[in-house]
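# Observations on the three-dimensional arrangement
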Amino acid sequence: MLCAIPIEIVNRELDAVLYLALHLAGRGLPTLMGDYMVRRWVFRFDKGKPVIYFDQDQSLRDNQAVLDAGGVVFNLNQEGLVLEDSLEQADYALAVRALTMLFAWGEAGRRNILRRIPEDRHSLVKVTGHPSFDLANERFVPFYRDPEIIAAHGEGHIQINTNFSYANLKMDLDRYIKMLSGMDEWKIYGDKAVQEYVWKLHDFQAGLLDKYIELAGVLADAFPDRHVVFRPHPMENRDRYVQAFRSLPNVFVDNAKPVRNWLASAGHVVHCDCTTGMEALLMGRPVIGYRPVENAELTNRLFAGIGVPADTPEAVAEAVRAGDMPVEMRRAQLATLSPYLANLEESAAGRIADYAASCTSPDKVWLPRPLRWTERLECFRKHVSKLIRARQPGHNGRKVRYALEKFPPTNVAVLIDKVRRLREAEPSLPAVRVEQVALNTFLMVPEKG
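Small disclaimer: the values here were computed from a predicted structure and weren't measured.

## Some points on the overall build of the chain
A count of helices and strands for the chain gives 20 helices and 14 strands. Since a compact globule built from 449 residues should have a radius of gyration of about 22 Å, the 22 Å found for the chain is in line with a globular shape. Based on the C-alpha atoms only, the size of the chain along its principal axes is roughly 65 × 50 × 45 Å. Taken across its 449 residues, the chain has 55% of its residues classed as buried. Residue pairs in contact within the chain that sit at least 24 positions apart in sequence constitute 70% of those at least 6 positions apart. Total accessible area on the chain is roughly 19,500 Å²; 52% of this is exposed by carbon and sulfur atoms. Each charge class in the chain can be summarised by its mean position, and for the 57 positive and 57 negative side chains these summaries are 6 Å apart.

## Digging into the sheet that holds strand 12 (residues 308–310)
Taken together, six strands build an open sheet; the order of strands is 9-8-7-10-11-12 and the sheet is parallel. Only two strands of the sheet have a single partner each, and these edge strands are strand 9 (251–253) and strand 12. Averaged over all pairs of adjacent strands, the angle between their axes in this sheet comes to 25 degrees, without regard to strand direction. Lying on the sheet, helix 10 (residues 192–222) is in contact with strand 7 (157–161), strand 8 (228–231), strand 9, strand 10 (266–271) and strand 11 (287–290); it crosses strand 7 at an angle near 175 degrees.

## A word on the pattern of salt bridges
Pairing between side chains becomes possible if they bear opposite charge and their charged atoms approach one another. Under the counting rule described, the total for this entry stands at 30 salt bridges. Residue Arg433 is joined to Glu435 by a salt bridge in which the shortest nitrogen-to-oxygen separation is 3.2 Å.

## Comments concerning the environment of Leu208
By secondary structure assignment, the location of Leu208 is in helix 10. Considering only alpha carbons, one finds Leu208 and Ala167, 41 residues apart in sequence, at a separation of 9.2 Å. If sequence neighbours within four positions are ignored, Leu208 has contacts with Phe164, Cys272, Pro292 and Val293.

## Remarks on the sheet that holds strand 3 (residues 51–55)
Through backbone hydrogen bonds, the strands of a sheet pair up, either in parallel or in antiparallel fashion. Overall, mixed pairing links the eight strands, which are arranged 6-5-4-3-1-2-14-13 in an open sheet. Unpaired on one side and paired on the other, strand 6 (125–127) and strand 13 (432–438) mark the two borders of the sheet. For this sheet, the mean inter-axis angle between neighbouring strands, taken without regard to orientation, is 25 degrees. Here four bridges tie strand 1 (residues 2–6) to strand 2 (residues 31–34), and the two strands are oriented parallel to one another. Within the sheet, the bridge partner assigned to Pro6 lies in strand 2 and is Gly34. Sheet strands in contact with helix 20 (residues 412–425) are strand 2, strand 13 and strand 14 (441–446), and its direction is about 160 degrees off that of strand 13.

## Describing the packing of aromatic side chains
Any two aromatic rings considered together are summarised by their centre-to-centre distance and by the angle between their planes. For the structure shown, the criterion picks out twelve aromatic pairs. Geometrically, the ring pair formed by Phe54 and Phe74 is edge-to-face, given 5.5 Å between the ring centres and 70 degrees between the ring planes. Of this pair, Phe54 sits in strand 3 while Phe74 sits in strand 4 (residues 72–75), and the two are 20 residues apart along the sequence. Accessibility expressed as a relative area gives 3% for Phe54, which makes it buried. Plain terms: the ring middles of Phe164 and Tyr212 are 5.4 Å apart, the flat faces sit at 75 degrees to each other, and that makes the pair edge-to-face. Of this pair, Phe164 sits in the loop between strand 7 and helix 9 (173–181) while Tyr212 sits in helix 10, and the two are 48 residues apart along the sequence. Note on accessibility: Phe164 and Tyr212 belong to one class, buried. Here the aromatic cluster, defined as three or more aromatic residues joined through ring pairs, consists of Phe54, Phe74, Phe103 and Tyr355. One cation-aromatic arrangement involves Arg226 over Phe223; the distance from NZ or CZ to the ring centre is 5.8 Å. Positioned over the ring face of Tyr36 is Lys382, at 5.2 Å from the centre of the ring.

## Considering the pairing of strand 7
The element strand 7 is largely enclosed, with a buried count of five among its five residues. A two-sided burial pattern is seen for strand 7, the buried positions comprising His157, Gln159 and Asn161 on one face and Ile158 and Ile160 on the other. With four bridges joining them, strand 7 and strand 10 adopt parallel strand pairing. From the neighbouring strand, Ile158 faces strand 10, where its bridge partner is His268. Across four bridges, the pairing between strand 7 and strand 8 is parallel.

## Re a nonpolar patch on the surface
A grouping of Trp373, Leu377 and Phe380 is seen on the molecular surface, where their side chains present a nonpolar patch of about 410 Å² in accessible area. Assignment of secondary structure puts Phe380 in helix 18 (residues 373–389). On the accessibility criterion, Phe380 (54% relative accessible area) is exposed.

Reading guide: rules and limits
The residue numbering used here restarts from 1 in each chain and proceeds along that chain's sequence as written. With pLDDT at 70 or above as the cut-off, local features in this predicted model cover only qualifying residues; side-chain atom pairs require 80 or more to be listed or tallied, and sums for whole chains, interfaces and linings still use all residues. The side-chain values count all of the structure's non-hydrogen atoms but skip hydrogen atoms and water molecules. Runs of H or I in DSSP of at least four residues are treated as helices and runs of E of at least two as strands, each being numbered from the N terminus. Here the globule rule reads 2.2 Å times residues to the power 0.38, and the radius of gyration is calculated from C-alpha atoms. For the exposure calls, accessible area comes from a 1.4 Å probe over protein chains only, and a residue counts as buried if that area is under 20% of its type's maximum, exposed if over 50%, partly exposed in between. Any two residues having at least one pair of non-hydrogen atoms within 4.5 Å are treated as being in contact. The method behind every accessible area is Shrake-Rupley, applied with a 1.4 Å probe, and residues are considered shielded solely by the protein chains displayed. Neither His nor the chain termini are counted; the positive set is Lys and Arg, and the negative set is Asp and Glu. In plain terms, the charge of a residue is placed at NZ if it is Lys, CZ if Arg, CG if Asp and CD if Glu. In short, DSSP must find at least two bridges between two strands for them to pair. To obtain an axis, a line is fitted to C-alpha atoms, over the contacting stretch when the element is a helix, and the angle between two such axes runs from 0 to 180 degrees between their N-to-C directions. Within this document, salt bridges are pairs made up of a side-chain nitrogen of Lys or Arg and a carboxyl oxygen of Asp or Glu, the two lying within 4 Å of each other. Only Phe, Tyr and Trp rings take part, Trp by its six-membered ring, and two of them pair if their centres are within 6.5 Å. Stacked means planes under 30 degrees apart, edge-to-face means over 60, and tilted covers everything else. Two thresholds decide whether a charge sits over a ring: the Lys NZ or Arg CZ must be within 6 Å of the ring centre and within 35 degrees of the ring normal. Candidates for patches are residues over 30% relative accessible area with no salt bridge; among them, like charges are joined within 9 Å and nonpolar side chains (Val, Leu, Ile, Met, Phe, Trp, Tyr) within 5 Å.

Functional significance is not addressed by these values, which are geometric in nature.
See below:
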């Protein structure tokens, strides 16, 4: 069969998708990956052909159509919300009504999901880990090292990552909640209890945001010869930070590249209950967990325990001066992650590729047909329309700009270079051919012989 993997946010997902596709290629399976056009092929251009479809949206109609065509549906969620119990969960009870397997990041995540689905569907949940965290490993640090970042900020910059998107959202929070609640996979945001929880997070994050702005100033003064890179979550309004730091020459606000590109050359990483702290720990970076405001109800217990703890700017500065994390502290924190990330024991991409290979056979492999000129024109017209609508003032323009930021035009040369570097880091990965089949859609095919 053909594997089909839609990508929502290219900076967050592309590396993991490429790595998984390489493992799929090692089992003889081609992969179609990219933006909305992947769905066009599956449900329109090559409609009725069996595919191995990697679902994130929990769309009952789409997933059932894949199964009815003799295909396979794998749910591989990109979000870390499955790590712990939370009100903000995807609707797994809906997802398991039409899928082949649902992949949990770890045993703890599996238990969380099982509580949310009917007992007769429990066997569909498999513990695999997520391919993204295969790459959050010290051996892949060379893959992520970015010459442009190093040239601009040197080796060992101080990295501050924030995830205060509810308090500093690019769009109005009420509108954002309304938009999410209108999506099949996120109808839970229409629930009053969830909305109340989100607004509590908003208020909590607003206090944290001010404290983190203060922290950047303290670190800039304490370490005038080092760059302090403030990287807000992609959903945050970065202009707020740019204005706050305009008088600090060694503080830079930048989230233009994937976070691991920044982590690879960071000297220290500061976070607050964020997956970035976990990624930095796995990549061997010195991590500091700065938590100046406490709220047990709104704290992620797992992420809160990652890094050298600090509750004042001065404590953060002292942790930076101390250098690396204590060895025993790092080991203990990695041990706490084991139930949450199966990747610490075995490659998630390898496990998932084995499941995929077990669901098909070489004689069922096929490739998507090329686009007709009318379809290429439609794809181009749609992109130009977005560029025009993005210039609109107000909410509508912001909404389209956000969509464009999630997946800007990406050249196939970028993917080819990433594949080359992944194979350098892991020589056992197979040789493949990568081609661009639409504006932001790509096909990876294993090389013969």
